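Chain by chain, the residues:
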Amino acid sequence: TGEMWKNKAPFRLCLNSLAAKEIHWHCEHYKGRGVMRKFDSGADLAKEIGCSLQKLEEVVEAHYQVSLKQDKDPDGGPFPAYPNGKSWDEPSGKTGCGKKFFHNCIQGKQVATEVWHVAIVTPVIHYCMGGLEISVKSEVVDKAGKVIKGLYAAGEVAGGVHGNNRLGGSSLLDCVAFGRVAGRNCAEYMLGKDVQPTDLWKLAGGAPGTEAKEEKKAAPAQGGAAAAPAAAGASAGTYTMAEVQKHTTKDDCWVVLHGQVLDVTSFLKDHPGGELAILTFAGKDASAEFDMIHPPDVVQKYAPDAVIGVVGNGSAPAAGAVAAAPAQQSIATAGGKQPEAPKGALDLVDADAEGLCGCIKSVWFMVRAFMMQIFRTIFFTGNFKFTNDRIGLTRSAFFLIFFLVVHAVGNLHVFLGPDDFNGYGYFYVRLYWTGFGFNANIVEEYVLLAAVLHVLVGLKRTWDISITNTIRSGRLNMAISGLALLAFMTVHLFQYRLAKIGTTFPVRPPKYLINFDLNDLLHLRLFWTQNTNVPIVMVRDIYQLEYILFSDPLTCAFYMLSVMVFMTHGILGWVKAVPAGALGIPKIHHMKVNILGCVIIGFIGFIYLVFPVFCYFSAPKHGHACDDALAQGLLNTNATGTCGNLEWGHFIREVPAPGQHAEYIR
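Criteria and cut-off values
Residues numbered from 1 in each chain as written. Predicted model: local features only at pLDDT ≥ 70, side-chain atom pairs only at ≥ 80, totals over all residues. Heavy atoms only, no water. Helix = DSSP H or I, 4+ residues; strand = E, 2+ residues; numbered from the N terminus. Expected span 1.5 Å × (residues − 1). Buried < 20%, exposed > 50% of the residue type's maximum accessible area, 1.4 Å probe, protein only. Arc of directions from axis to C-beta. Contact = heavy atoms within 4.5 Å. Phe/Tyr/Trp six-rings, centres within 6.5 Å; stacked < 30°, edge-to-face > 60°. Lys NZ or Arg CZ within 6 Å of the ring centre and 35° of its normal. Lys, Arg positive; Asp, Glu negative; His and termini not counted. Salt bridge = Lys/Arg side-chain N within 4 Å of Asp/Glu carboxyl O. Pairing = 2+ DSSP bridges. Axes fitted to C-alpha atoms, helices over the stretch in contact; angles between N-to-C directions.

**Student:** Hey, could you run me through helix H6 (residues 171–191) in this one?
**Tutor:** Three- or four-residue spacings in an α-helix give side chains the same orientation, since the helix completes a turn every 3.6 residues. For H6, with 21 residues, the first-to-last C-alpha span of 29 Å sits near the 30 Å given by 1.5 Å per residue. When we look at burial in H6, the residues that qualify are Asp 174, Val 181, Ala 182 and Asn 185. Here the buried residues of H6 occupy an arc of 100° about the axis, which is enough to place them on one side. With respect to the buried face of H6, the exposed residues turned more than 90 degrees away are Leu 172, Leu 173, Val 176 and Met 190. Turning to H6, the residues buried within the fold contact strand S7 (147–152). The first or second residue beyond H6 is Gly 192, which carries a positive phi of 65°.

If you want it as structure tokens, here you go:
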């Protein structure tokens, strides 16, 4: 009705002891969150409000008298009541929504000695009534009552699900229930018979509070209390509460849960309830508040690395010290049982996360996630959907990393000489028939599309999410390094792939794209052969181009600087991608996977850094088929370069006229 705004804020919700007792859990919860205060007397409350105790007693007494009238004559009041009937309450009655239910009322004379629980309240949008009409399949229905095919709705956008009014306390349930109905029917509408069944249990990683299996190694301590095999904090350190109380800021936040000390600084930004909910208990014991709203295994599932020790007097804790905590705590339960995820759930609680076995598992999760994203990108993902969804960005990035690894390995052929390097280049030329009529092969075209997708989605995410941030904030690091890489790749394409090279080089390519001759394979000759029965083919001389470009120290410096920008961009992106749920990497392995990814990206970068250094300080090698090419008239006797013995920098190659052979000139 807007009537509240006709009065002066702040508006206080005042609960007397009778009302507070009925919702004791809520009061304790809100006090723990710092949004409700307890006053031990009416005088304290009046002082907080800024009025006299007498005035407060008068208002409460007037309310009490109205409750008596309403109880005596519920339909005789002078004001309209909500949702119907009559009311004796003047303040609310004037708005047309008079109060007619009175509960836990006290007299004015009781105010002075009453205990009060008080919270500041303000009008907010609670629930949107009305909306689109939907069917039992969440299909939107038009005015004529016909289903609009392909259009689904769930939640507050839909109306009439509960009748004229909503069913109290079920708005989120409405979203979840009809959201799943809409999702299932939408999938069936789009995919038909190809729709695959899903398991909500597996998607959610198992349900909280699942009966734990007994650990074989867990032996009960003296007195029947269980030892705490999972209490990593016991070996990590013992802290006094005085030490815990020093860590109370957003940049350094510790809390205590059932005797455990948790450093939750890095977890603050990921907490579903917001940072303030944790910061309220920074430096304190939050066990009671924590148990009200969390299942017992939540720490192990979502923040196992936050546990840094236990609370004590500074000496080493006893073996059963932690186990003496209540049964619902997240470290151990009575009887030696330790909570663990059910079969089929994502293995977020991993007893073997440390040591060699843990490293092997981390490698497995990383490789599995990487290859699955590559496989889905190539075969199952419609990439032409330019939204700011991170999935498109992550998958295109993984595919580009995969290509960079292949490209780096291919570039290693420069160390083997012109035959290997030019043969490697000709290998891709022989695949031009896959390029749908373009002067390129399907791999090059797909890489280009992946790069375009990555750039567009990255720019859109930056525009939608981070564009308002300053450079100092660090939120634009990915965008800045990405644009720098885009500029480098454009220059690089024109220098190499799109460069017009007038020189050609004689190579004997293998019959089947790759050399399967055992002797050649043992000598790493994958893309050329020494077999003189194989005819010579004059191919694009990218080996010469490599040496010419990297003879300039400025080009070398530009290339190496760009490689370092790539390494920075790759590491920043990797660290952001690893926690993504789509990769399915358990949180307990995130740190190891981050380190492994950074090492791999660093190694790839090192390979690329070596190329310009090698070309700048080394002399080009002589080609194996040059003499035969001269004998066959493919080159004349004055030919030099990779087919001669003179220095590269002193010679250039002329482009031959039609019907003539190419020649080198000084």
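**Student:** Which parts of the structure should I look at to understand the packing of aromatic side chains?
**Tutor:** Aromatic ring pairs are defined here through the distance separating the ring centres and the angle between the ring planes. Taken as a whole and assessed by the stated rule, the structure comprises 20 aromatic pairs. Centroid distance Phe 427 to Tyr 428: 5.3 Å. Interplanar angle 75°. Geometry classified as edge-to-face. Assessed through its relative accessible area of 16%, Phe 427 is described here as buried. Assessed through its relative accessible area of 16%, Tyr 428 is described here as buried. Both rings, one in Tyr 616 and one in Phe 617, keep their centres 5.0 Å apart while their planes meet at 85°; by these two values the pair is edge-to-face. The class of Tyr 616 is partly exposed, set by a relative accessible area of 37%. The positively charged end of Arg 525 is found above the aromatic ring belonging to Trp 528, 5.5 Å away from the centroid.

**Student:** When you look at the side chain of Asp 420 in this model, what are you seeing that I'm missing?
**Tutor:** By the element assignment, Asp 420 lies in helix H15 (residues 418–429). Among buried Asp, Glu, Lys and Arg side chains, Asp 420 stands out as unpaired, with Arg 525 the closest opposite charge at 6.9 Å. With residues up to four places along the chain from it excluded, the contact list for Asp 420 reads His 413, Leu 524, Arg 525 and Trp 528.

**Student:** Would you mind going over the sheet that holds strand S1 (residues 11–15) with me for this structure?
**Tutor:** Strand pairing within a sheet occurs via backbone hydrogen bonds; the two strands may be parallel or antiparallel. Across the sheet, which stays open at both edges, the three strands sit in the order S1-S5-S2 with antiparallel pairing between neighbours. Lying at the two open borders of the sheet, with one neighbouring strand each, are S1 and strand S2 (37–39). In this sheet, adjacent strand axes meet at a mean angle of 30° when their direction is disregarded. Pairing geometry for S2 and strand S5 (residues 116–121), over three bridges, is antiparallel. Among the inter-strand pairings, Lys 38 is bridged to a residue of S5, identified as His 117. Lying over the sheet, helix H3 (residues 42–49) contacts S1, S2 and S5, oriented at roughly 125° with respect to S2.

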